[in-house]
Amino acid sequence: MTHAAVVDEVEVRALSFATSAPESDGTLTWDHTNVVTVEVRAGPEVGLGWSYTSPAAVEIIRSVLAPEVLGEDSSSPGRLWERMHRACRNLGTRGVAMAAISAMDIAFWDLRSKALRVPLADLWGAHRDSVPVYGSGGFTSMDDGQLDEQVEAWLSAGCSALKLKIGENWGRNLTRDLDRVARVMARVRGDAQVMVDANGGYSRSQAMHVGQDLDLLGVTWFEEPVSSEDLPGLGQLSDALNCEVAAGEYIAEISDARSMCEAVDCVQLDVTRCGGYTGWRRCAAYAHAVHVPVSGHGAPALHLPLALADHTVRHTEWFSDHVTVEEQLIEGAPAVRNGQMSSVRPAALGHGYRLKDVSRFAVDDVSTQRVGMRAVTSLDAHRPPRLT
Ligand SMILES: [Mg+2]
């Protein structure tokens, strides 16, 4: 092990990006997007990762994950992933904890491919130069004019599929849900597939009735028609409806992926929630083994290298909120043309993204945390005593 390969610093910050107006889907309303960024240093190299998650992830990284990796060889992201995952046993390995692991793991893969002087997609064996995306947004909070404008922008970008939110107000506005879908179908006129996402807002019986109407309208994808906790319900809907039933955005562990693959027609994996690049590739491999298609959820820039290196990934989500954030967060955010996302700097090392000056987005009550070997006299200060 060379000194250059040792993880010697972890810097983590919490950011918040305001949306231009409050936004809603079927079951939540929000006015900002939280991001936690991680920069890991090993000698001269810096790796960058991030997750769309609560500032609470900062404390998990500072107090639980960073002590596990400081002083460790950075050349094996998989080994560091195992250390972090084991350290979260009592904390729980899903939700915010896995989002924290995800940001760290993404940074370690960026770091590793930079050290090897290759683009990250090439490290995994790139199959293609671009990946299909589907336009995603269509919030229930939009008026008809705003929805039309967004659909037009996706069609102009060449998207062959697009997705809008339904299930408004926990399934209490069924007429408006279906009117909005019909409006988009009429506007698209067969030029793109239309997908919908209820974010778990319907009961099983509501979802069955809505799904039958969606089939008549020609909708191709019904995402989270019922709660993702209701795997039997998802399975029943998948069997009964023509449109594909999709879910998976909350998958954290590979065992979650296994269960979800039994219930849905397409499994959605989110690299910022299912363990970063290490976890995502494991879950995708399982889905491939059982012949369930995979689609990337959110975080378009982060899914790009994965989908370039895995030609079986069907598409990835070009989610309007995250597209807006990534333009402000990083240099090198990918471009979409003809419905395909590609890198603007394909020869760049790592994933190719560099953190911009994001100080104006810092969450006021969560200070940037920097922990590292340089800051302490002994590495042992970061580690709990080991029983021998
Ligand atoms: Mg969704």
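Model, not experiment: these values are computed from the prediction.

Basis of the calculations
- Residues numbered from 1 in each chain as written.
- Predicted model: local features only at pLDDT ≥ 70, side-chain atom pairs only at ≥ 80, totals over all residues.
- Axes fitted to C-alpha atoms, helices over the stretch in contact; angles between N-to-C directions.
- Helix = DSSP H or I, 4+ residues; strand = E, 2+ residues; numbered from the N terminus.
- Parallel < 35°, antiparallel > 145°, perpendicular 65-115°, else oblique.
- Left-handed = near helix turned anticlockwise from the far one by under 90°.
- Contact = placed C-beta atoms within 7 Å.
- Nonpolar A, V, L, I, M, F, W, Y, C, P; charged D, E, K, R; others polar.
- UniProt positions renumbered as here; feature names shortened; annotations may be inferred.
- Buried ≥ 20, exposed ≤ 12 C-beta atoms within 10 Å, placed from the backbone.
- Domains from an automatic or database assignment.
- Core = buried A, V, L, I, M, F, W, Y, C linked by C-beta atoms within 7 Å.
- Pairing = 2+ DSSP bridges.
- pLDDT = per-residue confidence, 0-100.
- Arc of directions from axis to C-beta.

Colleague: Please explain the packing of helix α10 (residues 254-261) against helix α11 (residues 276-289) as it appears in this structure.
Modeller: Each pair of packed helices gets described by two things: the angle between the helix axes and the distance between those axes. Between α10 and α11, whose axes approach to 9 Å, the crossing angle comes to 30 degrees. The orientation of α10 with respect to α11, classified from their angle, is roughly parallel. Considering how the two elements wind past one another, α10 and α11 form a crossing that is right-handed. Only Arg282, Cys283, Tyr286 and Ala287 of α11 make contact with α10, whose side of the interface consists of Ile254, Ala257, Arg258 and Cys261. For the contact of α10 with α11, the class distribution of residues is six nonpolar, no polar and two charged.

Colleague: Could you clarify how one ought to interpret the UniProt feature "domain: Mandelate racemase/muconate lactonizing enzyme C-terminal" (unreviewed entry) in the protein in this entry?
Modeller: In the numbering used here, UniProt assigns the "domain: Mandelate racemase/muconate lactonizing enzyme C-terminal" (unreviewed entry) feature to residues 144-244. Taken end to end, residues 144-244 comprises 55% helix and 14% strand; its first and last C-alpha atoms sit 26 Å apart.

Colleague: Can you help me understand helix α12 (residues 300-308) in this one?
Modeller: Given 3.6 residues per turn, any residue in an α-helix points the same way as the ones three and four places further on. Most of α12 is tucked away: nine of the nine residues are buried. Those residues of α12 not exposed but buried are Pro300, Ala301, Leu302, His303, Leu304, Pro305, Leu306, Ala307 and Leu308.

Colleague: What is the right way to read the domain arrangement of the protein from this model?
Modeller: By a widely used convention, the size of an interface equals the accessible area lost when the partners come together. The domain architecture assigned to the protein consists of domain 1 (3-118 + 353-382) and domain 2 (122-342). Here the C-alpha centre of domain 2 lies 26 Å away from the C-alpha centre of domain 1. If you list the elements that add at least two residues to the side of domain 1 that touches domain 2, you get β1 (9-24), β2 (29-42), β3 (45-51), α2 (77-87), α3 (95-115) and β15 (354-355). Top contributing element to the side of domain 1 that touches domain 2 by residue count: α3, with eleven residues.

Colleague: How should I be thinking about unusual backbone geometry in this particular structure?
Modeller: Most peptide bonds take the trans configuration, and most residues that are not glycine carry a negative phi. Of note in the backbone geometry, arginine 117 takes a positive phi value of approximately 65 degrees without being a glycine. You can see arginine 117 is positioned in the loop between α3 and α4 (120-123). One non-glycine residue with positive phi stands out, namely asparagine 199, at about 45 degrees. Mapped onto the elements of the fold, asparagine 199 is located in the loop between β6 (193-197) and α8 (204-217). Overall, asparagine 199 belongs to the buried group, with 22 C-beta atoms counted inside 10 Å.

Colleague: Could you clarify how one ought to interpret the nonpolar core in this entry?
Modeller: If you look at soluble globular proteins, the nonpolar side chains tend to sit buried side by side. By size, the foremost hydrophobic cluster in this structure holds 111 residues, and its most contacted members are Ile61, Ala100, Ala103, Met104 and Val196. For this core, the leading source of residues is α3, giving 13 residues. Counting contributing residues per domain, this core is built from domain 1 (3-118 + 353-382) and domain 2 (122-342), each supplying no fewer than three. Non-local contacts of methionine 104, meaning those with residues more than four positions away in its chain, are made with Val38, Gly49, Ile61, Leu65, Met84 and Gly276.

Colleague: Even after reading the chapter, I still don't get the environment of leucine 355, so can you show me in this structure?
Modeller: Here leucine 355 is to be found in strand β15. Given 17 C-beta atoms within a 10 Å radius, leucine 355 is considered partly exposed. Once the C-alpha coordinates of leucine 355 and alanine 333 are considered, the two residues, 22 residues apart in sequence, prove to be 10 Å apart. For leucine 355, the residues in contact, after removing those within four places along its chain, are Thr37, Glu39, Leu48 and Ile330.

Colleague: Whenever I open this one, the packing of α2 against α3 confuses me. Can you help?
Modeller: The contact between α2 and α3 brings their axes to 10 Å, and the two run at 160 degrees. In terms of their interaxial angle, α2 and α3 are classed as roughly antiparallel. Once α2 is placed against α3, the crossing between them reads as right-handed. Of the residues in α3, those in contact with Pro77, Leu80, Trp81, Met84 and His85 of α2 are Ile101, Met104, Asp105, Phe108, Trp109 and Arg112. Taken together, the residues that form the contact of α2 with α3 break down as eight nonpolar, one polar and two charged.

Colleague: Help me understand the pairing of β2, please; the structure alone is not making it clear to me.
Modeller: For a regular strand, side chains alternate in direction, first toward one face of the sheet and then toward the other. Of the strand pairs in this sheet, β1 and β2 are connected by twelve bridges, and their pairing is antiparallel. Bridged to glutamate 23 within β2 is tryptophan 30. In this antiparallel pair of consecutive strands, β1 and β2, the connection spans four residues. By the bridge criterion, seven bridges tie β2 to β3 in an arrangement that is antiparallel. By the bridge assignment for β3, arginine 41 is matched with valine 46.

Colleague: Quick question: what am I supposed to make of the confidence of the model for the protein here?
Modeller: Counting all residues, the mean pLDDT for the protein is 95, and 95% of those residues have values of 70 or more. The low-confidence segment residues 375-382 (pLDDT under 50) makes seven contacts with residues lying over four places distant or belonging to another chain. Contacts of residues 384-388 to residues separated by more than four positions or lying in other chains number zero contacts, the stretch itself having pLDDT below 50.

Colleague: Teacher, can you tell me more about the environment of cysteine 274 here?
Modeller: As for its position among the elements, cysteine 274 is in the loop between β9 (266-269) and α11. The exposure class assigned to cysteine 274 is buried, which follows from the 31 C-beta atoms found within 10 Å. Separated by 180 residues in the primary sequence, cysteine 274 and arginine 94 have C-alpha atoms spaced 8.1 Å apart.

Colleague: Is there a simple way to think about helix α13 (residues 320-329) in this case?
Modeller: Where α13 is concerned, the buried positions are His322, Val323, Val325, Glu326 and Leu329. Projection of α13 onto a plane perpendicular to its axis shows the buried side chains occupying an angular sector of 165 degrees, all on one side. Among the structural elements, β1, β2, α12, β11 (313-319) and β12 (330-331) are those in contact with the buried residues of α13.

Colleague: Would you explain the sheet that holds strand β16 (residues 369-372) in this entry?
Modeller: Sheet strands pair by backbone hydrogen bonding; their relative direction is either parallel or antiparallel. With respect to topology, four strands assemble into an open sheet ordered β3-β2-β1-β16, the strand pairing being antiparallel. With one partner strand each, in any of the chains shown, β3 and β16 form the two edges of the open sheet. The sheet shows a mean angle of 20 degrees between the axes of neighbouring strands, direction not considered. The pairing of β1 with β16 spans four bridges and is antiparallel. By the bridge assignment for β16, glutamate 9 is matched with glycine 372.

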